Amino acid sequence: MNVEDLVRDSLRELAVEEASAGPGFTDRVLAVRRRRRTHRLVSVAAATAAVVAVAVAVPMLKDGRDDVRPASVTQGGGISAHPDQSPPSGLIAAGRSALAAYYTTALVAKNEKEATLERTYWLLDPDTGKYEKDTRWSFVAVAPGLKTAAVLERTLPAARIGLLDLATGEVERWIPVGKGVAGLAFSNDGTELVATTYSEHPDPLEKPGNAEGSEGEWTSTHKVSRTGFLLLDLAGRDGGVWHPVASSSAGGRADFAFTRDGQHLFATGGGLVTLVRPTFYDLSGKETAAPANEKHLRWDVPARLSPNGRLAALGLAEEYQPAIVPEAGSLPGRSYSLIKDPLTGKEITKVRGAELLAWADDQRLIAWERTTGEDETYKDRLVLVTIGSDRVVPLSGVREHPETGQEPWEPVFAAR
């Protein structure tokens, strides 16, 4: 049984109590074979009943009509879309959220048996509204407001953190750290930074031999190399306080991020052991219970809580093909993701989209949505979806995947 078989089996087991991970799950867990899977429906009748249930459950909060127009990088409310661009060269934004950067990942071989996954970033210039390639950085986190990014140099783990002015492209301040850093995340208000520390590169690959003695494909090694995290108050001038927190036995990249209130941290990634629920820590590194409004959230769904905190974005619920939903028009299929009550975990409704990435406001989200049928090579694009509406507004062009010979670009969203 190979790794992808293990992933599929794990998802089937989890389906009893939780919707399956979205099309982006394998991309995040394995980080090598970026395959997107769909869920086959048991029967047309069952699927039709599910569609009816969705229609009944969704509150009609908004009719889905949106004005697509140029918008200021730093002012919320408008939509800036480029449905003919993938990856985009012009600003992608909706409401409070903007595509602050994007990156591609490439395999870099150290020798015949070992390699690492290395990122190349394109960063938004807030003055021009264009994305510019910047090969200096191995990891980038963008602060709310789209003015500053925290960056790491090419060699990971890194010995210092840079605070980059996105308008000038210059590092305004270097923060030396006593531990090797390979992951970064800002607090919700942008005043603090958590830097995840590792003893080795967190994205290692290996090419194991098989029973016949020939080489196999590159695959993740899942080495346990996370050592802890640094908390940095950006108003201060030191390198922060380090707290030891080892990786789970699954290993791999497992970066820390802040909860909404900034009083806790949770671990993203970490392999199959933390498939759905993240582990939470207090700011001293001790494992703790999740905040009441985040205990039902998943680490693999980036959107998380709505701006007002009343709705929780969860994973892919179901997908329907044209034979079942013929009125889909130009879209080959339709995906629906769950929206739940963050305090109780009860389903409130479903919303269009295969993977929920960021909230535009309390009713709209930015999501990946597939553009191909079940029997075609998986492709997707960024769209704006609205709770209570089945309409999607395309924000980007169609994204290619490895099956087409191209590496997919991955979005980095930030509040503007």
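Definitions and limits used
Residues numbered from 1 in each chain as written. Predicted model: local features only at pLDDT ≥ 70, side-chain atom pairs only at ≥ 80, totals over all residues. Heavy atoms only, no water. Helix = DSSP H or I, 4+ residues; strand = E, 2+ residues; numbered from the N terminus. Buried < 20%, exposed > 50% of the residue type's maximum accessible area, 1.4 Å probe, protein only. Areas by Shrake-Rupley, 256 points an atom, 1.4 Å probe, with all protein chains shown as cover. Pairing = 2+ DSSP bridges. Axes fitted to C-alpha atoms, helices over the stretch in contact; angles between N-to-C directions. Phe/Tyr/Trp six-rings, centres within 6.5 Å; stacked < 30°, edge-to-face > 60°. Lys NZ or Arg CZ within 6 Å of the ring centre and 35° of its normal. Core = buried A, V, L, I, M, F, W, Y, C linked by side-chain atoms within 4.5 Å. Salt bridge = Lys/Arg side-chain N within 4 Å of Asp/Glu carboxyl O. Polar contact = N/O pair within 3.5 Å; in protein donor to acceptor, adjacent residues only side chain to side chain. 1 Å grid on protein atoms, 1.4 Å probe; cavity = no way out; pocket = protein on both sides within 12 Å on 5 of 7 lines; lining within 4 Å. Points joined across faces, edges and corners; volume = space filled by probe spheres on them. Nonpolar A, V, L, I, M, F, W, Y, C, P; charged D, E, K, R; others polar. pLDDT = per-residue confidence, 0-100. Contact = heavy atoms within 4.5 Å.

Named according to an unreviewed UniProt entry, the protein is YncE family protein originating from Streptomyces galilaeus.

A. Spotlight on the overall build of the protein. When its secondary structure is counted, the protein shows three helices and 26 strands. A total of 416 residues make up the protein; the buried ones form 54% of that total. Counting every atom, the protein has about 17,700 Å² of accessible surface; 50% of that belongs to carbon and sulfur.

B. Focus on the sheet that holds strand β15 (residues 256-258). Strand order across the open sheet formed by four strands is β15-β16-β17-β18, with antiparallel pairing between neighbours. Each edge of the sheet is formed by a strand with only one pairing partner; in this case those strands are β15 and β18 (287-288). One ladder, built from two bridges, connects strand β17 (residues 280-282) with β18; its direction is antiparallel. Opposite Tyr281, over in β18, you have Glu287 as the bridge partner.

C. Representation of the sheet that holds strand β6 (residues 137-142). If you trace the seven strands from one edge of the open sheet to the other, you get β6-β7-β8-β9-β10-β13-β14, paired in antiparallel fashion. Edge strands, defined here as strands with exactly one partner in the open sheet, are β6 and β14 (241-244). Direction aside, neighbouring strands of the sheet carry axes that sit 30° apart on average. By the bridge criterion, seven bridges tie strand β10 (residues 192-198) to strand β13 (residues 226-233) in an arrangement that is antiparallel.

D. View of the packing of aromatic side chains. Taken as a whole, this structure holds nine aromatic pairs when the rule is applied. One aromatic cluster is present, formed by Tyr102, Trp122, Tyr131, Trp368 and Trp409 through successive ring pairs. Residue placement shows Arg160 over the ring face of Trp174; its charged tip is 3.7 Å from the ring centre. The lysine or arginine in question, Arg304, covers the ring of Phe266, its NZ or CZ lying 3.9 Å from the ring centre.

E. Looking closely at the nonpolar core. Ranked by internal contacts, the top residues of the largest apolar core, which has 59 residues, are Ile161, Leu184 and Leu382. If you look at the next biggest cluster of nonpolar residues, it comprises 14 residues, including Ala303, Leu311, Val383 and Ile387.

F. A look at the pattern of salt bridges. Enumeration according to the criterion identifies 15 salt bridges in this entry. Here Glu153 makes a salt bridge to Arg160, at a shortest N to O gap of 2.9 Å. Note that Arg253 is salt-bridged to Asp255, the shortest N-O span being 2.8 Å. What makes Arg253 buried here is its relative accessible area of 16%. Residues joined by salt bridges that share partners form a network here, namely Asp203, Arg253 and Asp255.

G. Examining the side chain of Thr372 more closely. Structurally, the position occupied by Thr372 is in the loop between β23 (364-370) and β24 (380-386). Of note is the side chain of Thr372, whose polar atom sits 3.1 Å from the backbone oxygen of Thr377.

H. Just empty space enclosed by the protein, in detail. Taken as a whole and assessed by the stated rule, the structure comprises two cavities of 30 Å³ or more. Of the voids in this model, the second largest cavity is the one considered here, and its volume is about 40 Å³. As for the second largest cavity, its lining consists of Leu117, Glu118, Arg119, Ser138, Phe139, Leu156, His201, Asp203 and Arg253. Those elements that provide at least two residues to the lining of the second largest cavity are β4 (114-125) and β6. It is β4 that provides the largest number of residues to the lining of the second largest cavity, a total of three residues. By residue class, the composition of the lining of the second largest cavity is three nonpolar, two polar and four charged.

I. Up close: the confidence of the model for the protein. Put simply, the protein has an average pLDDT of 80, and 73% of its residues get 70 or more. Within the model, the stretch residues 322-331 combines pLDDT values under 50 with 14 contacts to residues more than four positions away or in other chains.

J. Quick peek at the environment of Thr116. Along the polypeptide, Thr116 turns up in strand β4. On a C-alpha basis, the gap between Thr116 and Trp218 in space is 9.9 Å, while along the polypeptide they are 102 residues apart. Not counting chain neighbours up to four residues away, the residues in contact with Thr116 comprise Ala106, Leu107, Val108, Lys110, His201, Asp203, Pro204 and Leu205.

K. Quick peek at the side chain of Arg173. Here Arg173 lies in strand β9 (residues 170-186). There is a polar contact of 3.0 Å between the side chain of Arg173 and the backbone oxygen of Leu234. Other than its neighbours up to four places away in sequence, Arg173 contacts Ile161, Gly162, Leu163, Leu234, Gly236, Arg237 and Asp238.

L. Quick look at unusual backbone geometry. Residue Pro87 is reached from Ser86 by a cis peptide bond, and omega for that bond is -5°. Residue placement: Pro87 occurs in the loop between β1 (79-80) and β2 (93-94). Residues Leu156 and Pro157 are joined by a peptide bond in cis, for which omega reads -5°. The backbone of Leu146 shows a phi angle near 60°, a positive value even though the residue is not glycine.

M. Here's a closer look at the pairing of β13. Across the eight residues of β13, six count as buried, placing the element largely inside the fold. Bridge count between β13 and β14: four bridges; the pairing is antiparallel. Paired with Gly228 across the bridge in β14 is Pro244.

N. Up close: the environment of Leu164. As for its position among the elements, Leu164 is in strand β8 (residues 158-165). Separated by 17 residues in the primary sequence, Leu164 and Lys147 have C-alpha atoms spaced 8.4 Å apart. Excluding residues within four positions of it along the chain, Leu164 makes contact with Leu123, Arg136, Trp137, Lys147, Thr148, Ala149, Val151, Gly169, Glu170 and Val171.

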